[in-house]
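Single-letter residue listing:
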Amino acid sequence: KIKDLLVLEFTTSSADQSLASVRDALIREKRSEAYIVDASGTYIGTLTLHRLMELLAAGTALDHPASRYAEPGSLVLGPDASVWTAMSEMEDFVGESIPVLDAGRLVGVLFESKIVSAYLGILEEIRREEKTRRRARCAARRDRHESGCCDRLGRRRLQRRARKRGLPHDGG
């Protein structure tokens with residue numbers, strides 16, 4: 001579950017805060033995204049530093065409330081989503097982090113790197129389990145045949161790979 005990967009340190013601003021105060025918070029906290037929430041903590045949207053710069057360039061007054069310009073997240077996840085779900089959902093995601101909502105309330109954020117690391121960790125664990133199963137099957141065969149079949153099969157596999165790549169190989 002992604003709730004184990006949540007980051008609880010992120011920039012939030014209340015819906016009625018001014019664009020100027022959101023900008024100042026982002027600069028002070030060295031972040032590029034602020035999550036805008038109402039008084040009860042319900043997620044309204046995300047306001048990026050890039051969006052703030054666009055608003056400034058368009059002549060928007062910085063005393064406007066942040067809620068007016070917050071954009072709902074293109075991707076939000078629930079805390080009970082799996083790493084697999086998060087990985088597939090973030091395929092087209094562009095951003096610093098993904099808001100995680102529980103019944104509409106912002107409970108944390110996820111960085112892409114955390115999801116990818118967890119995903120790779122799961123894949124590595126699956127590989128280890130499969131390798132252990134293969135070794136157990138080989139050991140069972142070896143006990144049954146007392147012939148070292150797995151060593152011979154491993155050698156044959158390496159020889160086939162070498163032949164395919166045009167590399168020198170011994171025998172077969």
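Everything here concerns the structure above.
Residues numbered from 1 in each chain as written. Predicted model: local features only at pLDDT ≥ 70, side-chain atom pairs only at ≥ 80, totals over all residues. Heavy atoms only, no water.

## A look at the sheet that holds strand S2 (residues 33–37)
In space, the three strands of this open sheet follow the order S1-S2-S3, with mixed pairing throughout. The sheet is open, and its two borders are formed by strand S1 (12–14) and strand S3 (43–48), each paired with just one other strand. Geometrically, the sheet is characterised by an average inter-axis angle of 30 degrees between neighbouring strands, direction not taken into account. Inspection of the sheet shows S1 paired to S2 by three bridges, in the parallel sense. (Pairing = 2+ DSSP bridges. Helix = DSSP H or I, 4+ residues; strand = E, 2+ residues; numbered from the N terminus. Axes fitted to C-alpha atoms, helices over the stretch in contact; angles between N-to-C directions.)

## Concerning the packing of aromatic side chains
The full count for this structure, using the stated rule, is three aromatic pairs. With centroids separated by 5.1 Å and ring planes inclined at 80 degrees, the aromatic side chains of Trp84 and Tyr119 adopt a geometry described as edge-to-face. Taken together, the residues span a long stretch of sequence, with Trp84 in helix H3 (residues 83–89) and Tyr119 in helix H4 (residues 112–145) at a distance of 35 residues. Judged by relative accessible area, Tyr119 falls into the partly exposed class, the value being 21%. Members of the aromatic cluster, joined through ring pairs, are Phe10, Tyr35 and Tyr43. (Phe/Tyr/Trp six-rings, centres within 6.5 Å; stacked < 30°, edge-to-face > 60°. Buried < 20%, exposed > 50% of the residue type's maximum accessible area, 1.4 Å probe, protein only.)

## Some words on the layout of surface pockets
Empty space among the atoms becomes apparent when a probe as large as a water molecule is rolled across them. In this structure, the second largest pocket spans a volume of roughly 180 Å³. Looking at the second largest pocket, it is lined by 14 residues, and the ones nearest its centre are Glu33, Thr46, Gly73, Ser74 and Val94. When grouped by side-chain class, the residues that make up the lining of the second largest pocket number six nonpolar, six polar and two charged. (1 Å grid on protein atoms, 1.4 Å probe; cavity = no way out; pocket = protein on both sides within 12 Å on 5 of 7 lines; lining within 4 Å. Points joined across faces, edges and corners; volume = space filled by probe spheres on them. Nonpolar A, V, L, I, M, F, W, Y, C, P; charged D, E, K, R; others polar.)

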